[in-house]
Amino acid sequence: MKKLISGITALLLALSIIPSAHAGFVIGGENGWQLSTDGIVDVFSTYNTTSPVPGGTRFTSLLSDTAGANTASPDQRFGVGIGLLPSVVAFNVKAPTTNGVDSSVRVGIYPAIQNKSGTRFDTSPNIDFREFFYTAKGAYGELLAGRALNLYQGKNILTDMTLLTAGVVPSPGLRGNTTLGHIGYGYLYANFGPQIRYTTPDINGVKVALAVGEPYKVSSDTGKTNTPRVETEISYAGKIGNTTLQAWASGLFQNAPRSDAAAARPGANNQSLGGAAGVSTGFSGVNLLLSGYLGKGLGMVSAQDGDAFGSTATDGAGVERLHWGFLAQATYKLTPDVMLGVNYGQSRQNESDFDISNRGNYGTSYSVPISKQEAATATVTYNFNKFTQFVAEYTYAQNTWHDSATQHSNQFAVGTMFYW
């Protein structure tokens, strides 16, 4: 019986962080239909000590619940929950091959394990149907329709080693369910969204993908989302001798008119426009990665976050801010079962002309915008067997505002992941 390899399993294999794994269970019928399942149980304990938010009125920090909440002592927290990649139970249904086309459906259910409000009485973890899509593969390439990981900066997050660990741990009020990894600290969250996507056949390791997706708000003043979000990606994966090589570039564009009632530029257009790229190479147990992004109207946490998290994709004049960032990473397989890894990333937000004109009001009548979010992580990963992994990790994170005020956090994580 031919086994199905799920999207997540393929991802983990590509990252070479866990041992080889296939779909845990495959059931086949005589009529050619197949059902398989795969999944992950992800549990991390975390501890962090975070310095107080600098005084004055400033935009929200991902490391603290309240902006401008200046206290005399650091914030110290311990928690047990999921890491950046949630636990998942996924089901895959494959139809019989017909006219050279393989059709399948994937449903991915991503539950959290921690109590939502931090109390023992709130035992209803979020259940997130992140993946619900249909694919049809043939000689022409692949068509995908449904809810799946977006293309723009998708590979930036998939190649980050903290995808399978914890990385930056935000404050409980901003955490939601997962930790951040390097989201907002080296790349922006690609997010899962409804889309229709076409991917070309593999041509000597090169693929090109184009997706038309549900539009998002560029800012909190967005009045209409009447044009689609368009994303694209060109990628390469191959080997030169014993050296593996992966490279990609992705792009995003969307237009969104501002509300007619907006205080600034009513009825004018805002645009999200971004590019991202990366390259990764592996040889003799070493893997090196460099990725980055640049764009306007993107935000500082999730691409097109609509001013969520206080990241301000647009300024007080309704003009898009410039956003950019990068992630550098090195991992080394000390033994077949032990991997060491270090990485460092930054996400930056430039001052706009309107911000510069209000420097004299920073911290009083004009909230100080975030300038830089940076983090460094060191990880030790041990594969106990083909389906169990243990992780120990340290992360240092620092936020810097445009008035040079800073906040920092020391974070520790110990966790385990079980795969099938």
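Everything here concerns the structure above.
Everything numeric in this text was worked out from a predicted model, so none of it was measured. (Residues numbered from 1 in each chain as written. Predicted model: local features only at pLDDT ≥ 70, side-chain atom pairs only at ≥ 80, totals over all residues. Heavy atoms only, no water.)

**Focus: the packing of aromatic side chains**
So, point 1. A complete count under the given rule lists eight aromatic pairs for this structure.
So, point 2. Centroid distance Phe 326 to Tyr 344: 6.1 Å. Interplanar angle 55 degrees. Geometry classified as tilted. Taken together, the positions of Phe 326 in strand β14 (residues 322–333) and Tyr 344 in strand β15 (residues 338–349) put the pair 18 residues apart, joining distant regions of the chain.
So, point 3. Looking at Tyr 344, the relative accessible area reads 28%, which means it is partly exposed.
So, point 4. Pairing Tyr 382 with Phe 384 gives two aromatic rings, centres 6.4 Å apart and planes at 75 degrees, and the pair type is edge-to-face.
So, point 5. Exposure remark for Tyr 382: the relative accessible area of 37% places this residue in the partly exposed category.
So, point 6. Among the aromatic residues, those joined into a ring-pair cluster are Phe 354, Tyr 362 and Tyr 366.
So, point 7. Its guanidinium or amino end placed over the ring of Trp 401, Arg 58 lies 5.1 Å from that ring's centre, counting from NZ or CZ. (Phe/Tyr/Trp six-rings, centres within 6.5 Å; stacked < 30°, edge-to-face > 60°. Helix = DSSP H or I, 4+ residues; strand = E, 2+ residues; numbered from the N terminus. Buried < 20%, exposed > 50% of the residue type's maximum accessible area, 1.4 Å probe, protein only. Lys NZ or Arg CZ within 6 Å of the ring centre and 35° of its normal.)

**Some remarks on the pairing of strand β5 (residues 102–111)**
So, point 1. Summarising the sheet, strand β4 (residues 88–94) and β5 pair through six bridges and their orientation is antiparallel. The residue of β5 that forms the bridge with Val 89 is Ile 109.
So, point 2. As judged from the nine bridges shared by β5 and strand β6 (residues 127–138), these two strands associate in the antiparallel manner. Bridge assignment links Ser 103 to a residue of β6, and that residue is Ala 136. (Pairing = 2+ DSSP bridges.)

**Digging into the environment of Ala 237**
So, point 1. With respect to the helices and strands, the residue Ala 237 is situated in strand β10 (residues 229–240).
So, point 2. Note: C-alpha distance between Ala 237 and Ala 247 (10 residues apart in sequence) is 6.7 Å.
So, point 3. If we skip the residues at most four places from it in the chain, Ala 237 touches Gly 205, Leu 245 and Gln 246. (Contact = heavy atoms within 4.5 Å.)

**Let's talk about unusual backbone geometry**
So, point 1. With a phi close to 75 degrees, Asn 191 is a non-glycine residue in the positive phi region.
So, point 2. Mapped onto the elements, Asn 191 comes out in the loop between α3 (172–175) and β8 (192–199).
So, point 3. Backbone geometry at Ser 284 places phi at a positive 50 degrees, although glycine is not the residue there.
So, point 4. Considering the arrangement of structural elements, one finds Ser 284 in the loop between β12 (269–283) and β13 (286–296).

**Describing the pattern of salt bridges**
So, point 1. Counted according to the given criterion, the structure contains 13 salt bridges.
So, point 2. Across the pair Arg 130 and Asp 128 runs a salt bridge, and its minimum N-O distance is 3.1 Å.
So, point 3. Overall, Asp 128 belongs to the partly exposed group, its relative accessible area being 25%.
So, point 4. One network of salt bridges, in which partners are shared, links Asp 38, Arg 106 and Glu 131. (Salt bridge = Lys/Arg side-chain N within 4 Å of Asp/Glu carboxyl O.)

**Focus on the side chain of Arg 258**
So, point 1. Mapped onto the secondary structure, Arg 258 falls in the loop between β11 (243–257) and β12.
So, point 2. Using a relative accessible area of 3% as the deciding quantity, one classes Arg 258 as buried.
So, point 3. Within polar-contact distance, the side chain of Arg 258 engages the side chain of Asp 221 at 3.0 Å.
So, point 4. If sequence neighbours within four positions are ignored, Arg 258 has contacts with Ser 219, Asp 221, Thr 222, Gly 223, Ala 264, Arg 265, Gly 267, Ala 268, Asn 270, Thr 314 and Gly 318. (Polar contact = N/O pair within 3.5 Å; in protein donor to acceptor, adjacent residues only side chain to side chain.)

**Focus: the environment of Ile 234**
So, point 1. As for its placement among the helices and strands, Ile 234 is situated in strand β10.
So, point 2. With sequence-adjacent residues up to four places away left out, Ile 234 is seen in contact with Val 206, Lys 207, Val 208, Ala 247, Trp 248 and Ala 249.

**A short note on the nonpolar core**
When a protein is soluble and globular, its nonpolar side chains tend to lie buried together.
So, point 1. Core analysis: the biggest nonpolar cluster contains 32 residues, and Ile 157, Val 168, Ile 183, Tyr 185 and Met 417 have the highest contact counts within it.
So, point 2. At the level of elements, β2 (34–50), β4, β17 (388–401) and β18 (406–419) are the ones that each hand at least two residues to this core.
So, point 3. The greatest single-element share of this core, amounting to three residues, is contributed by β18.
So, point 4. With near-sequence residues (within four places) excluded, Val 168 lies in contact with Leu 63, Thr 179, Leu 180, Gly 181, Tyr 185, Ala 375, Thr 395, Ala 397 and Gln 411.
So, point 5. Residues Tyr 152, Ala 276, Tyr 293 and Ala 303 belong to the second largest nonpolar core, which totals seven residues. (Core = buried A, V, L, I, M, F, W, Y, C linked by side-chain atoms within 4.5 Å.)

These figures capture arrangement, not role.
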